[in-house]
Amino acid sequence: WVPPGMMPPGMGPPVGAAFGGSNHAGLPGAFGMPGFPPAPPPPPREDNEAFVRRIKLTYMDKVTKEHDKYDLLEDYDELGKDVPFWVFDTMTVMPYLAACTFTLAAIFVVLQYSVKFQPWQETYWLTGTIVGLLEILLVLEMFRIVMMTLVE
């Protein structure tokens, strides 16, 4: 049995030459130990043309690898589920349904107040409502359809 901090029998103290120091006996970090090895010299300077050429080659290599990856993935199935076409049709119709529902609710409220009109006011109100509805449906909607056709 050897107490802590003591060397086993048959072993002498470490020699400094084993740790890069002098041949004097001593422990690592003792007097005579050299410091860290000197830093390596910096790499040689690279001229601008070589730098640009190296960057272009690196970029082209990355682009080629990315292109190859997409080419390999092209044959695989898409990860998502196929969406039925009725979903797209429904999503297209929903804003129109919402606008029509709001319009019908607004018409209902207006009609509730229209019973308070006098007979000559009812005639003007009915004429104005029909003219406004025809203007929206015939003039403005047709103009929107023409514009959408031209834009697409």
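Residues numbered from 1 in each chain as written. Predicted model: local features only at pLDDT ≥ 70, side-chain atom pairs only at ≥ 80, totals over all residues. Heavy atoms only, no water.

## Considering the overall build of the chain
Right, so step 1: Counting its secondary structure elements, the chain contains three helices and zero strands.
Right, so step 2: Going from the N terminus to the C terminus, the chain shows its helices and strands as α-α-α.
Right, so step 3: When contacts within the chain are restricted to residue pairs at least 6 apart in sequence, those whose partners lie at least 24 apart make up 3%.
Right, so step 4: Surface summary for the chain: the accessible area is close to 14,700 Å², and the carbon and sulfur share equals 70%. (Helix = DSSP H or I, 4+ residues; strand = E, 2+ residues; numbered from the N terminus. Contact = heavy atoms within 4.5 Å. Areas by Shrake-Rupley, 256 points an atom, 1.4 Å probe, with all protein chains shown as cover.)

## Thoughts on the packing of helix H2 (residues 85–114) against helix H3 (residues 119–151)
Helix packing geometry: the angle between the two helix axes and the distance between the axes.
Right, so step 1: Two numbers describe how H2 lies on H3: the axes approach to 12 Å, and their chain directions differ by 165 degrees. Relative to H3, the element H2 lies roughly antiparallel. In this structure, H2 meets H3 at a crossing whose hand is right-handed. Each of Tyr 96, Val 110, Leu 111 and Ser 114 in H2 lies in contact with H3, whose residues at this interface are Glu 122, Trp 125 and Arg 144. (Axes fitted to C-alpha atoms, helices over the stretch in contact; angles between N-to-C directions. Parallel < 35°, antiparallel > 145°, perpendicular 65-115°, else oblique. Left-handed = near helix turned anticlockwise from the far one by under 90°.)

## A few points about H3
Right, so step 1: For H3, with 33 residues, the first-to-last C-alpha span of 47 Å sits near the 48 Å given by 1.5 Å per residue.
Right, so step 2: Of all bends in H3, the biggest is about 30 degrees, found at Glu 135. (Expected span 1.5 Å × (residues − 1). Bend = angle between axes of the 7 residues up to and from the residue.)

## Some thoughts on the confidence of the model for the chain
Right, so step 1: Looking at the chain, the pLDDT average stands at 81 and 78% of residues meet or exceed 70.
Right, so step 2: Across the chain, element-level confidence peaks in H2 with a mean pLDDT of 92 and bottoms out in helix H1 (residues 48–73) with 88. (pLDDT = per-residue confidence, 0-100.)

## A word on a nonpolar patch on the surface
Right, so step 1: The grouping of Leu 126, Ile 130, Leu 133, Leu 134, Ile 136, Leu 137, Leu 138, Val 139 and Leu 140 at the surface amounts to a nonpolar patch, some 850 Å² of accessible area in total.
Right, so step 2: Its location among the elements puts Ile 136 in helix H3. (Patch = residues over 30% accessible without salt bridge, like charges linked within 9 Å, V, L, I, M, F, W, Y side chains within 5 Å. Salt bridge = Lys/Arg side-chain N within 4 Å of Asp/Glu carboxyl O.)

## Some words on H2
Right, so step 1: For H2, which comprises 30 residues, the first-to-last C-alpha distance of 43 Å matches the rise-based estimate of 44 Å (1.5 Å per residue) to within 8%.
Right, so step 2: The largest bend in H2 comes to about 30 degrees, at Val 93, with the proline Pro 95 one to four residues further on.

## Let's talk about the packing of aromatic side chains
Right, so step 1: Under the counting rule described, the total for this entry stands at three aromatic pairs.
Right, so step 2: Measuring from ring centre to ring centre gives 6.5 Å for Phe 85 and Phe 88, while their planes differ by 55 degrees; the resulting arrangement is tilted. Here Phe 85 pairs with Phe 88, and both are found in helix H2, just three residues apart, close to one helical turn.
Right, so step 3: Looking at Phe 85, the relative accessible area reads 69%, which means it is exposed.
Right, so step 4: An angle of 85 degrees between the planes, with centres 6.0 Å apart, marks the rings of Trp 120 and Tyr 124 as edge-to-face. Note that Trp 120 and Tyr 124 are positioned in helix H3 at a spacing of four residues, about one turn of the helix. (Phe/Tyr/Trp six-rings, centres within 6.5 Å; stacked < 30°, edge-to-face > 60°. Buried < 20%, exposed > 50% of the residue type's maximum accessible area, 1.4 Å probe, protein only.)

## Digging into the pattern of salt bridges
Close approach of charged atoms allows side chains of opposite charge to pair.
Right, so step 1: Applying the stated criterion across every chain, the model contains four salt bridges.
Right, so step 2: Salt-bridge contacts for Asp 61 lead to Lys 65; the nearest nitrogen and oxygen are separated by 3.5 Å. Taken together, the residues span about one helical turn, with Asp 61 and Lys 65 both in helix H1 at a distance of four residues.
Right, so step 3: Among the residues examined, Asp 61 registers a relative accessible area of 39% and is labelled partly exposed.
Right, so step 4: A salt bridge links Glu 141 to Arg 144; the nearest nitrogen and oxygen atoms lie 2.7 Å apart. Of this pair, Glu 141 and Arg 144 both sit in helix H3, three residues apart, roughly one helical turn.
Right, so step 5: Judged by relative accessible area, Glu 141 falls into the partly exposed class, the value being 29%.

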